[in-house]
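# Examining the three-dimensional arrangement
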Amino acid sequence: MAPKDTSSMTLRERLAHVPQSGRLVWIGVRPAYAAPMIVLPEVELVEGRGVAGDRAAASARAGGKRQVTLMQHEHLPVVASLVGRDAVAPELVRRNLVVAGINLVALKGLRFAIGDEAVLEGTGPCEPCSKMDEALGEGGFQAMRGHGGITARVLRGGRARVGDAVRVVAEDELA
């Protein structure tokens, strides 16, 4: 298939055009405040709530813009470098999903599918919290700035599995 000619696109059209697809490479839940992350091979994304088993989905504040937190896999080595480590394990950054191969920032305001069932909408940046200095060492908070990923809400629930494709979906695919 020939690439789409993007030369005459408006800015709005260009922002909505994300031809890349990624893949889900890691899943984790936080069952309680300050609890260690539990790493899972798959999880249920619950419409309007978030990630089953995560404290955010069970809280009274569930249903907002921060139902699911996602981080860019490619940013983990950057964060590691900034804090003087050889590597940073995904559970240390306390995000629910780690995705490779697609720019998560490009998904802000867009709807995207994870696997064949779940559809999310990117709602904004996932800023670091003070726990990053504790988890990553001094400078962890600053290292995560700009690399913390995005937040999303679950528009259509379903299973998400490590290895699932992550791709932008058009409005007409949601019916």
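Quick look at the structure, then. These figures come from a predicted structure and were not determined experimentally.

## Considering the sheet that holds strand S10 (residues 158-161)
With antiparallel pairing, the three strands of this open sheet are ordered in space as S4-S3-S10. Since the sheet does not close on itself, it has two edges, and those belong to strand S4 (50-51) and S10, each with one partner. Here strand S3 (residues 42-46) pairs with S10 via four bridges, running antiparallel. When the bridges of S10 are listed, Glu42 appears paired with Arg161.

## Section: the pairing of S3
With burial as the criterion, only one face of S3 is covered, namely that bearing Val43 and Leu45; the residues Glu42, Glu44 and Val46 on the opposite face remain uncovered. Relative to S4, S3 runs antiparallel, the two sharing two bridges. Each residue of the ladder has a partner; that of Val46, found in S4, is Gly50. What sits between the antiparallel neighbours S3 and S4 is a turn of three residues, in which Gly48 has the positive phi angle 75 degrees.

## Details of the side chain of Arg95
Along the chain, Arg95 turns up in the loop between helix H3 (76-82) and strand S6 (97-100). Despite being buried, Arg95 has no salt bridge partner; Glu127 is the closest side chain of opposite charge, sitting 7.3 Å away. A distance of 3.3 Å separates the side chain of Arg95 from the backbone oxygen of Cys126, its partner in a polar contact. Side-chain polar atoms of Arg95 contact the backbone oxygen of Gly148, separated by 2.8 Å. Residues contacting Arg95, with those up to four places away along its chain left out, are Trp26, Gly28, Met37, Thr69, Leu70, Met71, Cys126, Glu127, Pro128, Met144 and Gly148.

## Focus on the environment of Glu44
Within the secondary structure, Glu44 sits in strand S3. A sequence separation of 117 residues divides Glu44 from Arg161, and the C-alpha atoms of the two residues are 8.9 Å apart. Those residues in contact with Glu44 that lie beyond four places of it in its chain are Gly50, Val51, Ala52, Gly158 and Arg159. Engagement of the side chain of Glu44 in a polar contact is seen with the side chain of Arg159, the distance being 3.1 Å.

## Some details on the environment of Ser59
With respect to the secondary-structure elements, Ser59 resides in the loop between helix H2 (55-58) and strand S5 (68-72). On the accessibility criterion, Ser59 (25% relative accessible area) is partly exposed. In this structure the C-alpha to C-alpha distance between Ser59 and Ala32, which are 27 residues apart in sequence, comes to 9.8 Å.

## Quick notes on the pattern of salt bridges
In this structure the tally under the stated criterion is five salt bridges. Arg30 serves as the salt-bridge partner of Asp54, at 3.0 Å between the closest nitrogen and oxygen. Placement of Asp54 in the loop between S4 and H2 and of Arg30 in the loop between strand S1 (22-29) and strand S2 (38-40) is noted, with a sequence separation of 24 residues between them. Both residues of the pair, Asp54 and Arg30, belong to the buried class. The shortest N-O distance in the salt bridge between Arg161 and Glu42 comes to 3.6 Å. Remark: Glu42 occurs in strand S3 and Arg161 occurs in strand S10; sequence separation between them is 119 residues. Note on Arg161: relative accessible area 33%, which makes it partly exposed.

## Considerations on the nonpolar core
Across soluble globular proteins, you tend to see nonpolar side chains buried next to one another. By size, the foremost hydrophobic cluster in this structure holds 24 residues, and its most contacted members are Leu45, Val68, Leu70, Phe112, Ile114 and Leu120. Only S1, S3, S5, S6, strand S7 (111-114), strand S8 (118-125), strand S9 (150-156) and strand S11 (165-168) provide two or more residues apiece to this core. Met71, Ala80, Val83 and Leu136 belong to the second largest nonpolar core, which has 14 residues in total.

## Section: the pairing of S1
The side chains of a regular strand alternate between the sheet's two faces. Where burial is concerned, most of S1 is hidden: six out of the eight residues are buried. Judged from the four bridges that link them, S1 and S6 form a sheet pairing that is antiparallel. Residue pairing in the sheet places Ile27 in a bridge with Leu97 of S6. Two strands pair when backbone bridges link them, and S1 and S2 are joined in this way by three bridges, in the antiparallel orientation. Across the sheet, Gly28 pairs through a bridge with Val39, a residue of S2.

Analysis parameters
Residues numbered from 1 in each chain as written. Predicted model: local features only at pLDDT ≥ 70, side-chain atom pairs only at ≥ 80, totals over all residues. Heavy atoms only, no water. Pairing = 2+ DSSP bridges. Helix = DSSP H or I, 4+ residues; strand = E, 2+ residues; numbered from the N terminus. Buried < 20%, exposed > 50% of the residue type's maximum accessible area, 1.4 Å probe, protein only. Lys, Arg positive; Asp, Glu negative; His and termini not counted. Salt bridge = Lys/Arg side-chain N within 4 Å of Asp/Glu carboxyl O. Polar contact = N/O pair within 3.5 Å; in protein donor to acceptor, adjacent residues only side chain to side chain. Contact = heavy atoms within 4.5 Å. Core = buried A, V, L, I, M, F, W, Y, C linked by side-chain atoms within 4.5 Å.

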